[in-house]
Amino acid sequence: MLGLASALFATKAPAQEAVQAHRSPVVVELFTSQGCSSCPPADRMLADMAGIDQLLPLALHVDYWDYLGWKDALADPMFTRRQKAYARATGSRMIYTPQIVINGTTFVKGAHPKEVAEHIALARRAPVHVSLDLRNTGEGRFRLEAMPLPGLETGPMQVTLVHFIPMKSVEILRGENAGSRIDYANIVTYWKPVAEWDGRRPLELDLRAAQDHPGAVLLQRAGFGAIEAAARLP
């Protein structure tokens, strides 16, 4: 992942301090499966991303390869539905693994670090339209504040709470990856919409963590559109 890291830090986001202060981590969703022989390189790529503060990598394990002989215990049918919804939103009839989705708008098939790095660099140069702030208020509670910035297109957006396991090693006994032990990073275990926002005025929202795992909040356009902002739970 040296290619990704070098591209990320060599390509600077807009220099204005005000913009940088509000810039969210780039959300990188990986649709993956333990039953897919093409997925381990993408899994390793996502694990390398987990150490980069400017990124929020999330592994969403799908269940449609379970019939090949190995049931992915990390999979959730909800993530299969999410991937299908992305496909419908982009006019595609096919879903596949591995697939990487960057900020809800850019889709990369397979594990291609250079291509992913280029798209992440572009995402980091994109205009910032929302300031998203999360504060820990104690006892598993958080205060979310979303502020519209100049240029924000108003319209329905969804606030989603996500939790994930930072790392889990799995020994795969059957299927296409039989005999492998694979380290999976940022495995999503919880994904639930908690509010809606139209961007017309500031949003203030009190949240409670749903799990003890690390988490984040995503602000995504309705209809599986762009992820306008994201923040990790502090």
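In this text, all values refer to a predicted model and were calculated from it rather than measured experimentally.

## Points about the overall build of the chain
Next up, step 1: Looking only at helices and strands, the chain features 5 helices and 11 strands.
Next up, step 2: Principal-axis analysis of the C-alpha atoms gives the chain an extent of 50 × 40 × 35 Å.
Next up, step 3: In the chain, buried positions account for 46% of the 234 residues.
Next up, step 4: Summarising the internal contacts of the chain: among those between residues at least 6 apart in sequence, 68% fall at separations of at least 24.
Next up, step 5: Of the roughly 11,400 Å² that the chain leaves accessible, carbon and sulfur atoms contribute 51%.
Next up, step 6: Averaging the locations of the 25 positively and 24 negatively charged side chains of the chain gives two centres separated by 3 Å.

## Describing the sheet that holds strand β5 (residues 130–138)
Next up, step 1: Strands sit in the order β5-β6-β9 across an open sheet of 3 strands; the sheet is antiparallel. Looking at which strands have only one partner, the edges of the open sheet turn out to be β5 and β9 (203–208). If you compare each strand with its neighbour and ignore which way they point, the axes differ by 20 degrees on average.
Next up, step 2: Pairing of strand β6 (residues 141–148) with β9 involves 6 bridges; the strand directions are antiparallel. Within β9, the residue paired with Phe142 across the bridge is Leu207.

## Points about the nonpolar core
Next up, step 1: Counting residues in hydrophobic clusters, the biggest one holds 20 residues, and the most contacted among them are Leu134, Leu144, Val159, Trp197 and Val217.
Next up, step 2: Mapped by element, the contributors of at least two residues to this core are β5, β6, β7 (157–172), β8 (180–197), β9, β10 (215–221) and β11 (227–232).
Next up, step 3: Here Leu134 is in contact with Phe142, Arg143, Leu144, Leu207, Val217, Ala231, Arg232, Leu233 and Pro234, once residues within four sequence places are set aside.
Next up, step 4: One finds Val27, Phe31, Val101 and Val188 within the second-largest nonpolar core, a separate group that totals 18 residues.

## Topic: the packing of aromatic side chains
By convention here, two paired aromatic rings are described through the distance between centres and the angle between planes.
Next up, step 1: All told, the structure shown has 5 aromatic pairs when counted by the stated rule.
Next up, step 2: For the pair Tyr86 and Phe224, a centre-to-centre distance of 5.6 Å together with 70 degrees between the ring planes defines the contact as edge-to-face. Linking Tyr86 in helix α4 (residues 77–89) with Phe224 in the loop between β10 and β11, this pair joins segments that are 138 residues apart in sequence.
Next up, step 3: Judged by its relative accessible area of 1%, Tyr86 is buried.
Next up, step 4: On the basis of relative accessible area, Phe224 is assigned to the partly exposed category, the value being 31%.
Next up, step 5: Every member of this aromatic cluster is reached through a ring pair, and the members are Phe31, Tyr86, Phe107 and Phe224.
Next up, step 6: Its end group placed over the ring of Tyr96, Lys109 keeps NZ or CZ at 4.8 Å from the ring centre.

Conventions we followed
Residues numbered from 1 in each chain as written. Predicted model: local features only at pLDDT ≥ 70, side-chain atom pairs only at ≥ 80, totals over all residues. Heavy atoms only, no water. Helix = DSSP H or I, 4+ residues; strand = E, 2+ residues; numbered from the N terminus. Buried < 20%, exposed > 50% of the residue type's maximum accessible area, 1.4 Å probe, protein only. Contact = heavy atoms within 4.5 Å. Areas by Shrake-Rupley, 256 points an atom, 1.4 Å probe, with all protein chains shown as cover. Lys, Arg positive; Asp, Glu negative; His and termini not counted. Charge placed at Lys NZ, Arg CZ, Asp CG, Glu CD. Pairing = 2+ DSSP bridges. Axes fitted to C-alpha atoms, helices over the stretch in contact; angles between N-to-C directions. Core = buried A, V, L, I, M, F, W, Y, C linked by side-chain atoms within 4.5 Å. Phe/Tyr/Trp six-rings, centres within 6.5 Å; stacked < 30°, edge-to-face > 60°. Lys NZ or Arg CZ within 6 Å of the ring centre and 35° of its normal.

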